[in-house]
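# Remarks on the overall topology
Listed below are the residues making up each chain.
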Amino acid sequence: MDPMRNVLADWTKDVPESEIRRLLKSKTKYYLAGGLPGILPTKVFPKILQELSEYYDSNEQNVINEFQYGQTAGDPGLRKVLAERIHKNDRINCINGSEDWEKVFISTGSQQAIYISLDIVINPGDLVVTPSPAYLGFVTAVVKVGGHVVTAPTDSEGLIPDYVEDTIIKAEKEFGKKVKILYVVEDSDNPTGTTLPLKRRQQLYDIAEEHDVIVICDAAYKEMQFGDKIPSMKTFDKENNRVIYASTTSKEAAPLRIGYTLMPDILFAEAEKAKGYLDLCTPTLTQRVAEIYYRKYINQYLPKIVKEYKENKDIAYKALLDTFPEGDFANPTGGFFIWWQPKGEKAFTFDVANFNDKVLLPNEVLVVPGKAFYPPKGHSYDPEAREIEPLKVIRGGMRIGYSFVSKELIDEGVRRLGKLLSEQIEFS
Ligand SMILES: Cc1ncc(COP(=O)(O)O)c(C=O)c1O
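A few points on the structure. These figures come from a predicted structure and were not determined experimentally.

Let us look at the overall build of the protein chain. Each helix and strand in the protein chain was counted, giving 14 helices and 17 strands. Its C-alpha atoms give the protein chain a radius of gyration of 22 Å, within 12% of the compact-globule value 22 Å for 428 residues. Considered along the principal axes of its C-alpha atoms, the protein chain spans approximately 70 × 55 × 55 Å. Out of the 428 residues belonging to the protein chain, those deemed buried represent 56%. Contacts in the protein chain between residues far apart in sequence, at least 24 positions, make up 75% of those at least 6 positions apart. Total accessible area computed for the protein chain in this model is approximately 18500 Å², and 52% of it derives from carbon and sulfur atoms.

Below, the structure is given as structure tokens:
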């Protein structure tokens, strides 16, 4: 054993390397494993930097003061613009426009805000209910901070409220600990592509109230909706004391790496403290670029970007309908992903990780296997027995990304995948 392993903290042994980071190292023609945004307003950023350059030239003294270390919770200018956008677009009641800017917490990507939220709420062994499957950057972060994940079943509309309530009740009984957090991606989930209908949002909010659970509402794909947006669970949280609403600029403006979150006041103060230890502040230069982008340009660029993603999705979905064997999947109403899994027991027995390595890779195709969307340890709620059981992984599921490669490659790649899958699944 490498003697340096003794130096490492225990969590490093509990949390494996991310499957996606591993897959990123494999280069294939039909790379359907990625979740990177492939359509970005690239031309606008140099334009904004040019504007800033002119500002620099004529305001040398101000520049020293303005482009310093900034406030840990973010620069007021950007927070005002985002507060206004959250008020107008997301129609969230606890924020009335730019005057409520101090409620907006800026982070370096929303991943940082999500991690901080866990860090300030979770004590070792505290329970966190997540969908099955769920965004890997969340479930592994729960394990990293010592939390205990219990997964709840999902269907083509996301989390099923009745089961979520039973998961909370049974998990608290089984482990003698409190469920502190319920994690939800309401709009175009990663990895399942599902969108929660309004009724389920209301039901889940009511369940969280009833059982005194904090909801982390991860709004990563809310700007990437192909049609009308459904009001967030945060809109029910009129007093701002139940829901952490984590948004990001990353899907529509990736190079900025800026997240923006609303959270209950008591959490905000602690989050600011925790962020101080992580980065002191998010870079002021990128915050200024983001402020200009969201104030002047986003409405001009975003509709075109969303339209392109919808076209990508339509191509991927049609190719899937034409070529895939029988399975469960949803037609995404936004976002970057389609999830497919075989019906019945094969959802748990077919091994997509193996299929990826042995069959897809030699054929220049790659997807993300279902097992990547589970924590390294935890439990699951079994909807048939209505009991908590050891972690049950939908290893037969796969995430198919349509955000990054060209339309032509999406079409060919998904068709090739469907053909290989149809051949393979019969004998699995
Ligand atoms: C569901 C979800 N939440 C959060 C994040 C992290 O976003 P950011 O890039 O802003 O850190 C991602 C990124 O892939 C995501 O898919």
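Further remarks concern the sheet that holds strand β9 (residues 243-248). The sheet built from nine strands is open, its strands ordered β2-β10-β9-β8-β7-β3-β4-β15-β16 with mixed pairing. Pairing within the sheet leaves two strands with one partner each, and these edge strands are β2 (104-108) and β16 (387-390). When strand polarity is set aside, the average angle formed by the axes of neighbouring strands in this sheet is 25°. Summarising the sheet, β9 and strand β10 (residues 258-262) pair through four bridges and their orientation is antiparallel. Counted as the bridge partner of T248 is G259 from β10.

Summarising burial for strand β7 (residues 179-184): five of the six residues are buried, a large majority. Bridge count for strand β3 (residues 127-131) against β7 is three bridges, and the pairing is parallel. Looking across to β7, one finds that L127 is bridged to V179. Direction of pairing for β7 relative to strand β8 (residues 214-218): parallel, over a ladder of four bridges.

Scoring rules and cut-offs
- Residues numbered from 1 in each chain as written.
- Predicted model: local features only at pLDDT ≥ 70, side-chain atom pairs only at ≥ 80, totals over all residues.
- Heavy atoms only, no water.
- Helix = DSSP H or I, 4+ residues; strand = E, 2+ residues; numbered from the N terminus.
- Rg over C-alpha atoms; globule rule 2.2 N^0.38 Å.
- Buried < 20%, exposed > 50% of the residue type's maximum accessible area, 1.4 Å probe, protein only.
- Contact = heavy atoms within 4.5 Å.
- Areas by Shrake-Rupley, 256 points an atom, 1.4 Å probe, with all protein chains shown as cover.
- Pairing = 2+ DSSP bridges.
- Axes fitted to C-alpha atoms, helices over the stretch in contact; angles between N-to-C directions.

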